[in-house]
Structures are given as C-alpha cells and as structure tokens.
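Chains, contacts and geometry: an overview
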Amino acid sequence: MLKHLINFYKVSSLGPCNEDVMSSSGKRRLKYLQWSTFLSATFGYGMYYVCRLSLNVVKKPIVDEGIFSETELGIIGSVLFFTYAVGKFTNGFLADRSNINRFMTTGLLVTALINLCLGFTHSFILFAVLWGVSGWFQSMGAASCVVGLSRWFTDKERGSYYGFWSASHNIGEALTFIIVASIVSVCGWRYGFFEAGMVGLLGALIVWRFFHDSPESKGFPPVNVSKEKKTMSASETADFNKAQRQVLTMPAIWILALSSAFMYISRYAVNSWGVFYLEAQKGYSTLDASFIISISSVCGIIGTMFSGVISDKLFGGRRNVPALIFGLTNVLALCLFLLVPGVHFWLDAVAMILFGLGIGVLICFLGGLMAVDIAPRNASGAALGVVGIASYIGAGLQDVMSGVLIEGHKTIRNGVEVYDFTYINWFWIGSAILSVFFALWVWNAKQK
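Source: prediction; values computed, not measured.

What counts, and where the lines are drawn
- Residues numbered from 1 in each chain as written.
- Predicted model: local features only at pLDDT ≥ 70, side-chain atom pairs only at ≥ 80, totals over all residues.
- Heavy atoms only, no water.
- Axes fitted to C-alpha atoms, helices over the stretch in contact; angles between N-to-C directions.
- Helix = DSSP H or I, 4+ residues; strand = E, 2+ residues; numbered from the N terminus.
- Parallel < 35°, antiparallel > 145°, perpendicular 65-115°, else oblique.
- Left-handed = near helix turned anticlockwise from the far one by under 90°.
- Contact = heavy atoms within 4.5 Å.
- Nonpolar A, V, L, I, M, F, W, Y, C, P; charged D, E, K, R; others polar.
- Phe/Tyr/Trp six-rings, centres within 6.5 Å; stacked < 30°, edge-to-face > 60°.
- Buried < 20%, exposed > 50% of the residue type's maximum accessible area, 1.4 Å probe, protein only.
- Expected span 1.5 Å × (residues − 1).
- Polar contact = N/O pair within 3.5 Å; in protein donor to acceptor, adjacent residues only side chain to side chain.
- Bend = angle between axes of the 7 residues up to and from the residue.
- Salt bridge = Lys/Arg side-chain N within 4 Å of Asp/Glu carboxyl O.
- Core = buried A, V, L, I, M, F, W, Y, C linked by side-chain atoms within 4.5 Å.
- Domains from an automatic or database assignment.
- Patch = residues over 30% accessible without salt bridge, like charges linked within 9 Å, V, L, I, M, F, W, Y side chains within 5 Å.
- Areas by Shrake-Rupley, 256 points an atom, 1.4 Å probe, with all protein chains shown as cover.

Here we look at the packing of helix H5 (residues 100-118) against helix H9 (residues 189-210)
Two numbers describe how H5 lies on H9: the axes approach to 7 Å, and their chain directions differ by 165°. Between H5 and H9, the crossing angle belongs to the class labelled roughly antiparallel. For H5 against H9, the interelement crossing comes out left-handed. Where H5 abuts H9, its residues Asn101, Met104, Thr105, Leu108, Leu109, Ala112, Leu113, Asn115, Leu116 and Leu118 lie against Trp189, Phe193, Phe194, Ala196, Gly197, Met198, Gly200, Leu201, Gly203, Ala204, Val207 and Trp208. Looking at side-chain class alone, the contact of H5 with H9 contains 16 nonpolar, 6 polar and no charged residues.

This is the structure in structure tokens:
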C-alpha cells in the first residue's frame, strides 16, 4: 500500500521528447505550459485561502447560536496554525520529491471536503481535529507552487513570477470576505463552509487540469540547467552544514523571527477576528464587516507586489527603513481601527487600506527577506524556516489568546451580550509595537 502511494506521488516520468522544442511551435507550447502552471498556481492557492479563512467569517453567527464559545473558536483556529507551521516545514521537503500536480491537488481536495463536513459538525473535539487536519493539507499548497515556479521558470524569470504569485493569498482573502460573507448573510453560517468547500473543489479541478509537474514530463528539456556539478564534495557539504548551524546561532535571525511573530499576531488578529469585532463592537452586519476587512486584502496585494521595488528603488536596497515606516503604518492603522469610538465607515475603510499596505510589505520583509539578507547564502532555506515557524506559532497563540480575552470580558446586559474589547485592543496594538521594536534591534545587522 505504501509503495503504491509513493509511486503515485513521485515525480512524473519523462514524457515523449518533442523533436521541435526549438521551433516556433515548440516555444509557443512551452510558453503556454508555463503560463498555465503560473496562473493555476496563483488562482489555485487563492482558493486554498478561501478554504482556510471560511471559519473567520462565521465566528459571530456560531457564537450567537451557542455552538461554540469564543475561547473554543480561538483554540480551533490555533490548531490549524500549529499543524500548518509543522506541515509547511515537512511538506516543503516532500514537494521537492513529488509530482506537484497530484501533491497540490490532493491538499486542496482534502481541505475542500473538510469544509463541506464542518457545517454539519457541532462537536468541539471533532471540529478541532478536522480543522487541524485541514491545516496540514493546507501546507501542501505553497510548497507545490514554489517548486512549480522553480521547475518551470529560469532564475532570471522566477523572481518576477514569484512576486505576482505572492499576491494569491490576498486574492483568496478578498474572495472569502466577499463571496463567503454574502452566502452567510443570506443562507446562514453552515452554507459559508459549503460555499468554501465548493470553491475548493473547483480549485482542485483547475489545479489538476492546468498545473503541470515539470517540463520534462511534457517532453521538454529542463528549464533550469545548473552550470555547476550536482553533488557536493566533503568540504562543500561541511560548509553547507556549518552555514545552517550558523543560522541557528545568529541572534539577529531569532530577533527577526520574534519581530515577524508579533507582526503575524497583528495580521491574523484582524484576519481571524476582524469581522467578529466589527459585528460585536460596532454593530456592522456580516456582509458589511466582511467588505471592510476585504479592503485590507486588496491593498495587501499592492503592498506585496511593490515591496521589492520600494526597497530597491527608493531606499537603495535597504530593508530596515521601509520596515520601520510600514511597521509604524501598521500600528497607526490598528489604532484608527480599534481606538476611535463610534461607527465611522470611511475611517474603518481607511484603517484597512493602511493595514493592508503595511502588512503586505511587512510579510515580505519581516516574513523572510530581511533574514535571508543576513543569513549565509547557502542557508537561506534555514533562515526562512526559522522565521516561518515562529510566525505561525505567533498566529496560533494569537487565536487562543484573542478567544480567551474576548470571552473573558463579555457580560450579559438585559439579555444582550456586551463585549469589552479594551484588553484585546491593547494586545493587538501592543503586538504591532513589539514587532517594530524588535525590528529596530537589527537595524544594522550584516550578512555573515
């Protein structure tokens, strides 16, 4: 059984060689396959996010029906982040050795089916287990996409395509907060999971049909042919191992990991609980609250896509100055969103514009690029791994703490639930401030 499973997911065998690979028709065919892979990776991973964020839209209706408490929802949300953090590390290794078409399709198919089941699940334990399993399969998406970009695009092309692909999670967030919220407003929270599951099934079909494993499987030569030897000598292996160990002993890497973790707390505070906050504190409907939060997702696309241009063209390749500017932008956005009393639609929208732009840039800088800049060149993956695991542990702890703080300061007045968000506000804003503080600690950090 295990052998059949391994054979099913192993890298595709070589396809029949195209004798006209250098002809105009062969080049057009290769370009079509490259664009097919890129676009299906972008939209497919966006649909991963729809299945991942469905819970965030339906938290208030679930609490109102008495299905789960705020604390229980926080625990459920954190389970996904924890399994995702571990899965993102392990599935990265597996994706390198897999047929990424089948690998990515499997992940999206399973998480879609789990969403279809969640609308019928009222057991806290079962819901948490299913959501955790979904987190594991969610981690198969990004790894497959990155491997796909590496297989299908040259080193010179890959950076540009990677930048545009990175906007896929913002596309998925926007789709969730608009489409799923619309369904929930009309049909109820159970149909929110059903809609997310249907989107996931459509995405799995698109990925299976248009996301291709490798050029070699289609009869083309490898796009990336290394000019150097494939194997390392004993001394080179020792240097590689030394570089990875060095990453683990670099204080600057761990400080950046802490900075990213606190940034992820503020990011997923709004992502996970923003709709709930607007409904409970400011009285917005589910649809209006989701629309306001979706603004940050759209603006995040802009921040992510232009983060490299901002640092390279405006600051001469320095990441610390824009990291400070957009870190403070994140703090300002949260203050406007959380501390200004009363209902001000346009002010909330402006806050989400600033929040989206700030987080979009910070995800690139604090979420990996600044660590890669100072890590040894042959240990970039290790640096990303340290920052990535810290970031999603921070996101998971945020969900637990937010749920506990929200429920712990809820009172019943005249039969109506009233929330005191004072402590939760400072928890979220304080995390954004600490992210800026730790980033300042490595202002002049240099590569070893």
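Re the packing of aromatic side chains
Applying the stated criterion across every chain, the model contains 26 aromatic pairs. Relative to phenylalanine 421, the ring of tyrosine 277 lies with its centre 5.0 Å away and its plane at 80°, an arrangement referred to as edge-to-face. In this pair, tyrosine 277 sits in helix H11 (residues 251-282) while phenylalanine 421 sits in the loop between strand S2 (416-419) and helix H16 (422-441), placing the two residues 144 residues apart along the sequence. Neither tyrosine 277 nor phenylalanine 421 differs from the other in exposure class; each is buried.

Notes on H5
Taking 1.5 Å of rise per residue, 19 residues should cover 27 Å, and H5 covers 27 Å from first to last C-alpha, within 8% of that figure. Along H5, 14 of the 19 residues are buried, which leaves the element largely enclosed by surrounding structure. Measuring from the side-chain oxygen of the N-cap residue of H5 to the backbone nitrogen of asparagine 101 gives 3.0 Å; that N-cap residue is asparagine 99.

Considering helix H14 (residues 345-374)
The end-to-end C-alpha separation of H14 is 42 Å, in line with the 44 Å expected for 30 residues at 1.5 Å each. The largest bend along H14 reaches roughly 40° and is located at glycine 368.

Focus: the side chain of serine 435
When you line up the elements, serine 435 lands in helix H16. Relative accessible area serves as the criterion here: at 3%, serine 435 is assigned to the buried category. The residues contacting serine 435, other than those within four sequence positions of it, are Ser259, Phe262, Met263 and Leu366.

Some remarks on the pattern of salt bridges
The full count for this structure, using the stated rule, is 8 salt bridges. We note a salt bridge from glutamate 70 to lysine 410, for which the minimum N-O separation is 3.2 Å. Placement of the pair is glutamate 70 in helix H4 (residues 70-96) and lysine 410 in strand S1 (residues 410-413), with a sequence separation of 340 residues. On the basis of relative accessible area, lysine 410 is assigned to the partly exposed category, the value being 24%. The shortest N-O distance in the salt bridge between aspartate 348 and lysine 282 comes to 2.8 Å. One end of the pair, aspartate 348, is in helix H14; the other, lysine 282, is in helix H11, with 66 residues separating them in the sequence. As far as the burial class goes, aspartate 348 and lysine 282 line up, both buried.

Notes on the nonpolar core
When a protein is soluble and globular, its nonpolar side chains tend to lie buried together. With 122 residues, the main nonpolar core has Tyr45, Leu55, Ile62 and Ile253 as its most contacted residues. Top contributing element to this core by residue count: H11, with 17 residues. Composition of this core by domain shows at least three residues from each of domain 1 (26-220) and domain 2 (245-447). With near-sequence residues (within four places) excluded, isoleucine 62 lies in contact with Leu55, Ile67, Phe68, Leu73, Trp189 and Phe193.

Some points on the packing of helix H8 (residues 168-187) against H11
Closest axis-to-axis distance for the H8/H11 pair is 12 Å, and the angle between their directions is 15°. Overall, the two elements H8 and H11 adopt an arrangement that is roughly parallel. Considering the relative orientation of H8 and H11, their crossing is left-handed. Mapping the contact onto sequence places His169, Glu173 and Phe177 in H8 and Arg267, Asn271 and Val275 in H11. Grouping the constituent residues of the contact of H8 with H11 by class yields 2 nonpolar, 2 polar and 2 charged.

Concerning a nonpolar patch on the surface
A cluster of nonpolar side chains, contributed by Phe82, Phe89, Phe93, Ile389, Ile393 and Leu397, occupies part of the molecular surface with about 520 Å² of accessible area. Those elements giving two or more residues to the nonpolar patch turn out to be H4 and helix H15 (380-408). Note that leucine 397 resides in helix H15. For leucine 397, a relative accessible area of 46% corresponds to the partly exposed category.

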